[in-house]
Each structure stands twice: as C-alpha cells, then as structure tokens.
Amino acid sequence: MKVKRTSQKKESNFRLKTLYKRNLDYINSIYLSFKDKNIPKYLKKLQESIEKDIFTAKKLRDYVNNIYYYPDKNYERANQPVDRNVLGERIALVLSGGGARGVAHAGVLKVLENNGIKPAFIIGTSVGSIVGAAYSAGISPDEMIEIFEKEEKKFFKLSYYRYFSQKAMTRTLRSIFKKYLPSNEVENTKIPFYINTTDVKRCERIIFSSGDLTELVLASSAIPFLFEPISYEDCILVDGGVIDNFCVDVARIINKNNFGNELKIVISDVSAATDVTSSINTSYFLLNLSKEFVDTVKLVGKEIYPVRDKRDVLSIINNLLYMLDRRGGLAPELSGDEIIITPLLEKMGVFEFKKTMWAFNKGVETANIVMQ
C-alpha cells in the first residue's frame, strides 16, 4: 500500500507540472496587464521550485488546509449558556465547515429539535452545507447518522483517496449526494437554504439560494487540492470557507429583510476558530516546511490571475493564496450578539470518520450545556 501511495503522489506532482506549463505560457503572454510587472520573475522562481519538487501538490495542500482549518484568530464567546426562552421557536442557523468534524452539527440539530426550536433558514459552508442540505430536505439528525453508517466504506475511502485523486474524491461525494438528497433544486428544500461557495476566478464569495443542489453542495465542500473545483455557470467554485466560514452578514441581511430582525442567529461551529481544545501550533507547522517552499509561497498571491478553466492550476493556486492571505479582510466579523455553539472536538481531524458517533455525541453534549 505504501508503494502505491508513493507512486500516486508522483502522478499528482506530474499532473501539476504538466498543467502549470500550459497556464504559465498564458500568464506570461498577458503579464503587462498586471500591476506588478515582476510577475514573470516570480513565475520563473515558481517554475524552478515545481521542477525541483520543492513546491509540490502535497506540500501546497497541507499548507493551505493548515491555514484554512486553524486560523490564528480565535473567538472566545463560544458556548456561553443562553436562556432557552430567549431563542423562541425559530432561529437563523449558520453551519460552519470542518470536514468529518461536521457530524457534530447533527448533534446540535438534535438538541434544537428536542427543545422545540426550528431553523427559519439555514446557511451552510463546506460540511455545513452537506448537513444543512440534508436537514433542509427533511432528513433528521438520526437519519443522517444512519446514512453515514450505511455509507461508512465510502466515507473511509475519502480518507484514502485524499492522498492521490481529486477526481475520485469528487466522484465519491457526488454519488452519496445523488443517492440521498431527495430534491435536486436548492429552492425546493423544505427549509430555505443558502449555500456558501468561493469563486476562484473572481476571488469572491458567492451565496446560492437556487440552482443544482448536488453540484452546489459539492462545490461548497470542495476543499482546495483535495477535491476538484466545480465549474458552475460562469464560475469555478471551491470550498466556501476559503473566504468565510460563517456568513453571519448574510444571516443578518436575511433576518432583517425577511423576518424583521426577530430571529436570533445561532452558529454551530465545528472548525477550530471557536474551539479552544482544537488549537494547534501553526508556527510549528510552518517551521517544518522548507525555507525554499515558504519563500516560493510568498511570491504568489499578490494579485488575482485570470482563470480560463479548471486546468489553469497555476492561476487557481495563486488566487487561493491571494484569498487566504486576505481572509480576515474579505470575511465579515462576528458582531457579538450571535449565539455560538462549538462542540469541543479536541484534535479530531477533518478526515477522522472513525470518530463519527463521538463527534455527534459531543454536538449533543455541548448544545445541551448552552441550552439552559
């Protein structure tokens, strides 16, 4: 098995080298349109790093996902007890990204149900869009766990596929969505549902309230360099959490326009942003990357590169680093009046599907503590 993985990693690096050459020629042909006229020099350095395997698909994936899942800034207002009566019977529900940790969302939903609280609308990012789509379509938290148990082998395959095949990752997830999501139109869900995605062409957040449910949830869940970007309409979409994991500003607008600000905004967060038990030493991780790799990363992401299609991998890499470097500035801040439920998931990884029931129970446990 180890030999096979090594071979598949080499295939991934070979594909990166093949695709960047096509993209490189295009960028060099239009570099005069960029603000920074030194871009050809940066690209030459990047080219050398790719050729020498200093800048590889795996290192880039690990670097991006470390920044994505473990932001430097933490919110300390999570899990403060709230009077159940303050919430009323309906809330605005925001579900964050967090990979396999997202099973805890189902636990939170179960407690909300037990307390007679229903979402008036749901905004989902990444795994939050998966859980949100299922719940909006009428699938109960207990049924979600049953589906996971039935499809356990497919979810475990995701842990294996992530080493070498973006196509296999995307194909596996798409097959699960098509099998269990009863409606394939976002606008036809039983609860109004909003899907957060990131467009790597324009480097902006796009929220969908209508369209192909399967493809848009797949796009919102497309973790960079693990899943394929999703071409949809005129966009090339990846994980919504690249820019914003919460979308509380959207929740505020919907609450104001549709509900007269009557709803409390409840965030279920399964990322590490509000979970103090999940903090890791990001600086230590970065120190373990070669200086050559870090120096190369600093050369890209300075401005937005044009992306013609999914094969423009160099432009996509650049634009992802551009957004991640500005993530705090591109995403709205929490205002302070949101209710944050953060299941304490310790160091559970985003592909640790073996901890599914543990994460679900943590969601139940934490939500019960918050709901007095």
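Refer to the structure presented above.
**Student:** Pulling in residues and values, what's your account of the environment of Tyr194?
**Tutor:** Mapped onto the secondary structure, Tyr194 falls in strand β3 (residues 193–199). Considering only alpha carbons, one finds Tyr194 and Ser136, 58 residues apart in sequence, at a separation of 9.9 Å. Apart from the residues within four sequence positions on either side, Tyr194 is in contact with Phe121, Ile122, Ile123, Gly124, Ile207, Phe208, Ser209, Ile254 and Asn258.

**Student:** Lay out the pairing of strand β6 (residues 235–239) with the relevant residues and their values.
**Tutor:** Regular strands have side chains that alternate between both faces of the sheet. A large share of β6 lies buried, amounting to 5 of its 5 residues. By the bridge criterion, 3 bridges tie β3 to β6 in an arrangement that is antiparallel. Within β6, the residue paired with Thr198 across the bridge is Val238. Judged from the 3 bridges that link them, strand β5 (residues 230–232) and β6 form a sheet pairing that is antiparallel. Residue Ile230 lies in a different strand from β6, and its bridge partner there is Leu237. Here β5 hands over to β6 after 2 residues, with Glu233 in that stretch at a positive phi of 55°.

**Student:** An account of the environment of Lys302 is requested, with residue identities and associated values reported.
**Tutor:** The topology assignment puts Lys302 in the loop between α13 (291–299) and α14 (313–325). Among the residues examined, Lys302 registers a relative accessible area of 40% and is labelled partly exposed. For the pair formed by Lys302 and Tyr322, sequence separation is 20 residues and the distance between their alpha carbons is 6.1 Å. Those residues in contact with Lys302, other than ones at most four positions away along the chain, are Asp36, Tyr42, Asn318, Tyr322 and Arg326.

**Student:** Explain a negative patch on the surface to me, and be specific about the residues and the numbers.
**Tutor:** A contiguous patch of negative charge, built from Glu143, Glu146, Glu149 and Glu152, is present on the exposed surface. Sorting elements by how many residues they give to the negative patch places helix α7 (residues 141–150) first, with 3 residues. With respect to the element layout, Glu143 can be found in helix α7. Accessibility expressed as a relative area gives 36% for Glu143, which makes it partly exposed.

**Student:** Tell me what's going on with the packing of aromatic side chains, and back it up with residues and numbers.
**Tutor:** Tallied over the full model, the rule gives 9 aromatic pairs. Between Phe121 and Phe259, the aromatic rings sit 5.8 Å apart at their centres with planes inclined by 20°, giving stacked as the arrangement. You can see Phe121 sitting in strand β2 (residues 118–125) and its partner Phe259 sitting in helix α11 (residues 248–259), a full 138 residues away along the chain. An identical accessibility class is assigned to Phe121 and Phe259; each is buried. When the ring of Phe148 is compared with that of Phe155, the centres are 4.8 Å apart and the planes differ by 35°; the resulting orientation is tilted. Comparing Phe148 with Phe155 shows no difference in burial state: the two are buried. Pairwise contacts between aromatic rings join Phe148, Phe155, Phe351 and Phe353 into one cluster. Geometry around Tyr42 places Lys302 over its ring, the cationic atom sitting 5.6 Å from the centre. Residue placement shows Lys355 over the ring face of Trp358; its charged tip is 5.4 Å from the ring centre.

**Student:** Go over the pattern of salt bridges with me, naming the residues and quoting the values.
**Tutor:** For the structure shown, the criterion picks out 16 salt bridges. Linking Arg252 and Glu338 is a salt bridge whose minimum nitrogen-to-oxygen distance equals 3.0 Å. Here Arg252 is found in helix α11, whereas its partner Glu338 is found in the loop between α15 (327–330) and β8 (339–341), with 86 residues between them in sequence. According to the relative accessible area criterion, Arg252 is partly exposed, its value standing at 26%.

**Student:** Any chance you could break down the packing of helix α5 (residues 103–114) against helix α6 (residues 127–136) for me, citing the residues and the numbers?
**Tutor:** At their nearest, the axes of α5 and α6 sit 10 Å apart, and the two run at 40° to each other. It follows that α5 is oblique to α6 by the angle criterion. In the crossing of α5 with α6, the sense of the turn from one axis to the other is right-handed. Between α5 and α6, the residues in contact are His105, Ala106, Leu109 and Glu113 and Val127, Gly128, Val131 and Tyr135, respectively. A per-class count over the contact of α5 with α6 returns 5 nonpolar, 2 polar and 1 charged.

Rules used throughout
Residues numbered from 1 in each chain as written. Predicted model: local features only at pLDDT ≥ 70, side-chain atom pairs only at ≥ 80, totals over all residues. Heavy atoms only, no water. Helix = DSSP H or I, 4+ residues; strand = E, 2+ residues; numbered from the N terminus. Contact = heavy atoms within 4.5 Å. Buried < 20%, exposed > 50% of the residue type's maximum accessible area, 1.4 Å probe, protein only. Pairing = 2+ DSSP bridges. Patch = residues over 30% accessible without salt bridge, like charges linked within 9 Å, V, L, I, M, F, W, Y side chains within 5 Å. Areas by Shrake-Rupley, 256 points an atom, 1.4 Å probe, with all protein chains shown as cover. Salt bridge = Lys/Arg side-chain N within 4 Å of Asp/Glu carboxyl O. Lys, Arg positive; Asp, Glu negative; His and termini not counted. Charge placed at Lys NZ, Arg CZ, Asp CG, Glu CD. Phe/Tyr/Trp six-rings, centres within 6.5 Å; stacked < 30°, edge-to-face > 60°. Lys NZ or Arg CZ within 6 Å of the ring centre and 35° of its normal. Axes fitted to C-alpha atoms, helices over the stretch in contact; angles between N-to-C directions. Parallel < 35°, antiparallel > 145°, perpendicular 65-115°, else oblique. Left-handed = near helix turned anticlockwise from the far one by under 90°. Nonpolar A, V, L, I, M, F, W, Y, C, P; charged D, E, K, R; others polar.

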